[in-house]
Amino acid sequence: MKNHVRLVLGLVLCVLGIGILGCPTDGGDSGGIPNLVNPDNPANPDNPNNPDNPANPDNPANPDNPANPDNPANPDNPANPDNPNNPDDVQTALDKGHGSLTAKNYDQAVEHYRAAYNADKTNPDAITYSVLAELAAISIDPKVRNLIKDRLGVVGYPETMGALFKTDWMTEYTDREFRYSYYDNGHWLYWMSGSKGEGYYYYDYGSSTYICVSNEIKYETYSTTFPAFTLPAWFGSTSIYQDSLTGAVQSTATLPLLLAANLLDKNTDGLNELFTGVLDSVFGSTFEDVAARVNALDPNAEVTLNAEVIAALGLDNLLEGADLIIGKGELDVLIAGLRMVKATFEWIASYDWNADFSFAKFDWANHDTFAAEIAKVNVNSLPFRNNFLNNQDQAMLNKSKNDYLAALSAISSVYDTIGNRDYIPQGVKDELDNYKWIQDGVNKLHTAIETGGKFWVPKEMPSGNTWNNTETNAILGIDMAKLFQAGYLKLNEIVEVDASGQNPVFYGFTDDSDSGTKITGQAQIASYDVLGFKINLTNKIKDLVPKGFDDAGTTEIFVPMFPPVIGEEFYKKYYP
């Protein structure tokens, strides 16, 4: 029973196990192209026995003549078992795929599963294994590799799944942590203060005193493996990068800094191409082709995953060695989950994320340098004056909405499909019945998105068959009409601006106050510790999220952002 309860997890891990990793770039076992030249007289182009001579249709050496069983160039000749152009049947291709996977030849496994599907596109086993293989292969698609290298700055991203499974293309990030205690020479030593200053002490019962053993701080060092990133030339010498290092080597604290630096360095015009690149590569034609395969699968099909495959993917312990049976419903869940991720990226990509970020390529931790760089920037290149987060693409929003709806419909349908399958134990079906409110919630979310209504999340977990989609006792509410309305979340609409609509209103904050004071002149700035902005909560955010803020009736949200020296330069740009 537990195996079926963890079925979807098993499927996801199956995809991750095959790598979410990729496909080969060569033809695997496809072999070479047969020589069509007459082997008996290659030097005589006029030889009537030349198989390329179209004037001799009756020549038994003609490669198109099915009556010549000895002709190795005839791909349709079933009498030639060694013909490299003779495709495997479905089961042979599947068996080869299982064998390759067991031998950890992941790229070959993808090719064999692909060949099985091409041999019979209605075979449930071929569809199931090819779906998992093709999803895995997306990760090494050339478009994905280029995106990861050119937009994120990852170094050495592999071209094959076999290479991606290994860690030698990654690098180690070294961290250290302070040791508050350690065992040495028969004593547990603890870092503390005493008559000899801070150090490692142990308690001596004979003298009833603490004895200092060492004043030198000790650290425990450990390493973690992650992808390597390019180190932009302008970033390597910055204080924020140098401070993130453990000694002279990169630490896990360096990772997010490297990612941010590469996003700036490789996307100086903005992030539009990064987001559309994700949609084109990860969720492009291959993903939609795989989704179509699943959609065409017989609803009653049942596929028992090969035991060797389960073991090769490391799922045998999770599944306790039992058979894992999957059908269209389980694959629908997998595709629906990925489609919701796609819909989210489409929603994000509906915004305009382009702006000139080249000015930010400096030491962010150095306030004076930051201010000096801001002083060089044309105000029309800055947010509020350019299109950054100010335009929304309604066509992309519609795609997002449709993909959300498709995913939710699939999830709702699967709930009934899986519950009616014979291979699902009755105990699991009973558990599914106990959580019918999930399906009802999915249906009501679908209706809210489709009709532009409001969706409410209750404070307490529902029970029975019903999701109570009302404001009463809700902890969160979202107006779906506004969520999918182009322009509703424009930056100039969300952040308070002046009457021109092009300049943000600045607020000053002191360390002992969360509320801001409107800045009306440059002379005020020196009186505050931080500068920032105010969010238009009442007329925008609360309409979008009618439930979700505290019960005290919050009407203002302030966002402190800049120290005065930087805030002053920004202020002077908008209010010279």
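See the structure above.
Reading the values: rules and limits
Per chain, the residues get numbers from 1 upward, laid out in the order the sequence is written. Where local features are concerned, this predicted model is filtered to residues with pLDDT of at least 70; where side-chain atom pairs are given and counted, the filter is 80 or more; whole-chain, interface and lining totals use all residues. Side-chain descriptors were evaluated using all non-hydrogen atoms of the structure, hydrogens and water having been removed beforehand. What counts as a helix is a DSSP run of H or I of at least four residues, what counts as a strand is a run of E of at least two, and both are numbered from the N terminus. Classification of residues uses two cut-offs on accessible area relative to the type maximum, computed with a 1.4 Å probe and protein chains only: under 20% is buried, over 50% is exposed, and between them is partly exposed. In this analysis, two residues are considered to be in contact whenever any of their non-hydrogen atoms come within 4.5 Å of each other. Each accessible area is a Shrake-Rupley result for a 1.4 Å probe, and residues are judged covered by the shown protein chains and nothing else. Salt bridges are defined as contacts in which a side-chain nitrogen from Lys or Arg sits within 4 Å of a carboxyl oxygen from Asp or Glu. Patches here are clusters of residues that have more than 30% relative accessible area and form no salt bridge, with a 9 Å joining cutoff for like charges and a 5 Å cutoff for nonpolar side chains (Val, Leu, Ile, Met, Phe, Trp, Tyr). In this description, one arc is meant: the one made by directions from the helix axis to the C-beta atoms. Whenever a nitrogen or oxygen atom comes within 3.5 Å of another N or O atom, the pair is scored as a polar contact, on the condition that within protein one atom can donate a hydrogen and the other can accept it, and that pairs from neighbouring residues in sequence are kept only if both atoms are in side chains. A pair of strands is treated as paired once DSSP finds two or more bridges between them. For each structure, a 1 Å grid was placed over the protein atoms alone; sets of points admitting a 1.4 Å probe that cannot get out are labelled cavities, open sets with protein on both sides within 12 Å along at least five of seven lines are labelled pockets, and lining residues have an atom within 4 Å of a point. Grid points are joined across faces, edges and corners, and a volume is the space filled by probe spheres set on the points. Under the grouping applied here, Gly and all other residues not named as nonpolar or charged are polar, the nonpolar ones being Ala, Val, Leu, Ile, Met, Phe, Trp, Tyr, Cys and Pro and the charged ones Asp, Glu, Lys and Arg. Two rings belonging to Phe, Tyr or Trp (six-membered ring only in the last case) form a pair when the distance between their centres is within 6.5 Å. Interplanar angles under 30 degrees mark stacking, angles over 60 mark edge-to-face geometry, and anything in between is tilted. Working convention: axes come from line fits to C-alpha atoms, limited for helices to the stretch in contact. Angles between N-to-C directions cover 0 to 180 degrees. Throughout this description, the term nonpolar core refers to a set of buried Ala, Val, Leu, Ile, Met, Phe, Trp, Tyr and Cys residues connected via side-chain atoms within 4.5 Å. In this scheme, roughly parallel covers angles under 35 degrees and roughly antiparallel covers those over 145, while 65 to 115 is roughly perpendicular and the rest are oblique. By the definition used in this description, the sense in which the near helix is turned from the far one sets the handedness, with an anticlockwise turn below a right angle giving left-handed and a clockwise turn giving right-handed.

Asker: I keep staring at the overall build of the protein and nothing clicks. Help me out?
Answerer: A count of helical and extended segments in the protein gives 22 helices and 16 strands. Burial analysis of the protein (576 residues in total) assigns 43% to the buried set. The long-range fraction of contacts in the protein, counting pairs at least 24 apart against all pairs at least 6 apart in sequence, stands at 68%. Counting only carbon and sulfur atoms, one obtains 51% of the accessible surface of the protein, whose full area is about 29300 Å².

Asker: For this particular structure, what's the right way to read the pattern of salt bridges?
Answerer: Pairing of side chains with opposite charge becomes possible as their charged atoms draw close. Per the counting criterion, the structure on display carries 22 salt bridges. Notably, a salt bridge pairs Lys342 with Glu288, separated by 2.6 Å at the nearest N-O pair. Taken together, the positions of Lys342 in helix H14 (residues 328–349) and Glu288 in helix H12 (residues 285–296) put the pair 54 residues apart, joining distant regions of the chain. Where Glu496 meets Lys534, a salt bridge forms, and the shortest distance between an N and an O atom there is 3.6 Å. With Glu496 in the loop between helix H20 (491–494) and strand E13 (507–509) and Lys534 in strand E15 (residues 530–535), this pair connects stretches of sequence that are 38 residues apart.

Asker: What am I meant to see in a nonpolar patch on the surface here?
Answerer: A cluster of nonpolar side chains, contributed by Tyr183, Trp188 and Tyr190, occupies part of the molecular surface with about 380 Å² of accessible area. Mapped onto the elements of the fold, Tyr183 is located in strand E3 (residues 181–184).

Asker: Teacher, can you tell me more about helix H15 (residues 367–375) here?
Answerer: For an α-helix, the turn length of 3.6 residues means that residues three or four places apart are oriented alike. When we look at burial in H15, the residues that qualify are Phe370, Ala371 and Ile374. The buried residues of H15 occupy an angular sector of 95 degrees when projected down its axis, which confines them to one face. The inward-facing, buried residues of H15 contact helix H22 (564–574). Of the residues flanking the start of H15, the one acting as N-cap is Asn366, its side-chain oxygen 3.1 Å from the backbone nitrogen of Asp368.

Asker: It is not clear to me how unusual backbone geometry should be interpreted in this structure. Could you clarify?
Answerer: Glycine aside, negative phi is the norm for most residues, and most peptide bonds take the trans geometry. Within the chain, Lys104 stands out as a residue other than glycine whose phi angle is a positive 65 degrees. Its identity as a non-glycine residue notwithstanding, Leu389 has a phi of 60 degrees, on the positive side. Considering the arrangement of structural elements, one finds Leu389 in the loop between H15 and helix H16 (394–419).

Asker: Please explain the pairing of E15 as it appears in this structure.
Answerer: On a regular strand, each side chain points to the face opposite its neighbour's, so the side chains alternate between the two faces of the sheet. The buried fraction of E15 amounts to 5 of the 6 residues, a majority that puts the element mostly inside the structure. Of the strand pairs in this sheet, E13 and E15 are connected by 3 bridges, and their pairing is antiparallel. The residue of E15 that forms the bridge with Phe509 is Val530. Strand direction decides the pairing type here: E15 and strand E16 (residues 557–562), joined by 5 bridges, are antiparallel. In the sheet register, Lys534 faces E16, and the bridge partner there is Phe558.

Asker: Looking at this model, I keep getting lost on the layout of surface pockets. Mind explaining?
Answerer: Gaps between atoms show up when a probe of the same size as a water molecule is rolled over them. There is about 710 Å³ of room inside the largest pocket. Considering the residues around the largest pocket, the lining is formed by 29 residues, among which Phe357, Phe359, Pro383, Phe388 and Met561 are closest to the centre. Broken down by secondary-structure element, the contributors of at least two residues to the lining of the largest pocket are helix H10 (254–266), E15, E16 and H22. The class makeup of the residues in the lining of the largest pocket is 26 nonpolar, 2 polar and 1 charged.

Asker: Would you mind showing me how to read the packing of aromatic side chains here?
Answerer: Centre distance and the angle of the planes are the two values used to describe a pair of aromatic rings. Counting across every chain of the model gives 39 aromatic pairs. Geometrically, the ring pair formed by Tyr113 and Tyr129 is stacked, given 5.2 Å between the ring centres and 15 degrees between the ring planes. Taken together, the residues span a long stretch of sequence, with Tyr113 in helix H4 (residues 106–119) and Tyr129 in helix H5 (residues 124–137) at a distance of 16 residues. Here the aromatic rings of Phe509 and Phe558 are separated by 5.8 Å at their centres, their planes lie at 75 degrees, and the arrangement is edge-to-face. Of the two residues, Phe509 sits in strand E13 while Phe558 sits in strand E16, which places them 49 residues apart along the sequence. Note on Phe509: relative accessible area 2%, which makes it buried.

Asker: Please clarify how the sheet that holds strand E6 (residues 209–214) should be interpreted in this entry.
Answerer: Backbone-to-backbone hydrogen bonds pair the strands of a sheet. The strands run either parallel or antiparallel. Read across the sheet, 4 strands follow the order E3-E4-E5-E6 without closing on themselves; strand pairing throughout is antiparallel. Edge strands, defined here as strands with exactly one partner in the open sheet, are E3 and E6. The average undirected angle you get between the axes of adjacent strands in this sheet is 50 degrees.

Asker: Explain the sheet that holds E15 here, please?
Answerer: Sheet architecture is open: 4 strands sit in the order E14-E13-E15-E16, paired in antiparallel fashion. Either end of the sheet is taken by a strand with one partner, and the two such strands are strand E14 (517–518) and E16. Each of E15 and E16 is contacted by H22, which is oriented at about 105 degrees to E16, the strand it contacts most.

Asker: Looking at this model, I keep getting lost on the nonpolar core. Mind explaining?
Answerer: Across soluble globular proteins, nonpolar side chains have a tendency to be buried as a group. In terms of nonpolar packing, the biggest core is built from 116 residues, with Tyr113, Leu135, Phe235, Trp364, Ile449, Phe506 and Phe570 touching the most fellow members. Of the residues forming this core, the biggest block, 9 residues, is contributed by H5. Ranked by size, the runner-up nonpolar core spans 5 residues in total, among them Tyr182, Leu189, Trp191 and Tyr200.

Asker: Help me understand the packing of H5 against H14 in this model?
Answerer: For any two helices packed against each other, the geometry is given by the interaxial angle and the distance between the axes. Across the interface, H5 lies against H14 with an axial gap of 12 Å and an inter-helix angle of 25 degrees. Comparing the axis directions of H5 and H14 gives the class roughly parallel. Handedness of the H5/H14 crossing: left-handed. Packed against H5, whose contacting residues are Thr128, Leu132 and Leu135, the element H14 presents Leu331, Leu334, Ile335 and Leu338 at the interface.

Asker: Help me understand the environment of Leu257, please; the structure alone is not making it clear to me.
Answerer: Secondary-structure assignment places Leu257 in helix H10. Look at Leu257 and you get buried, because its relative accessible area is 17%. Once the C-alpha coordinates of Leu257 and Phe235 are considered, the two residues, 22 residues apart in sequence, prove to be 9.4 Å apart. In contact with Leu257, not counting residues within four places along its chain, are Phe235, Ile240, Ser244 and Trp364.

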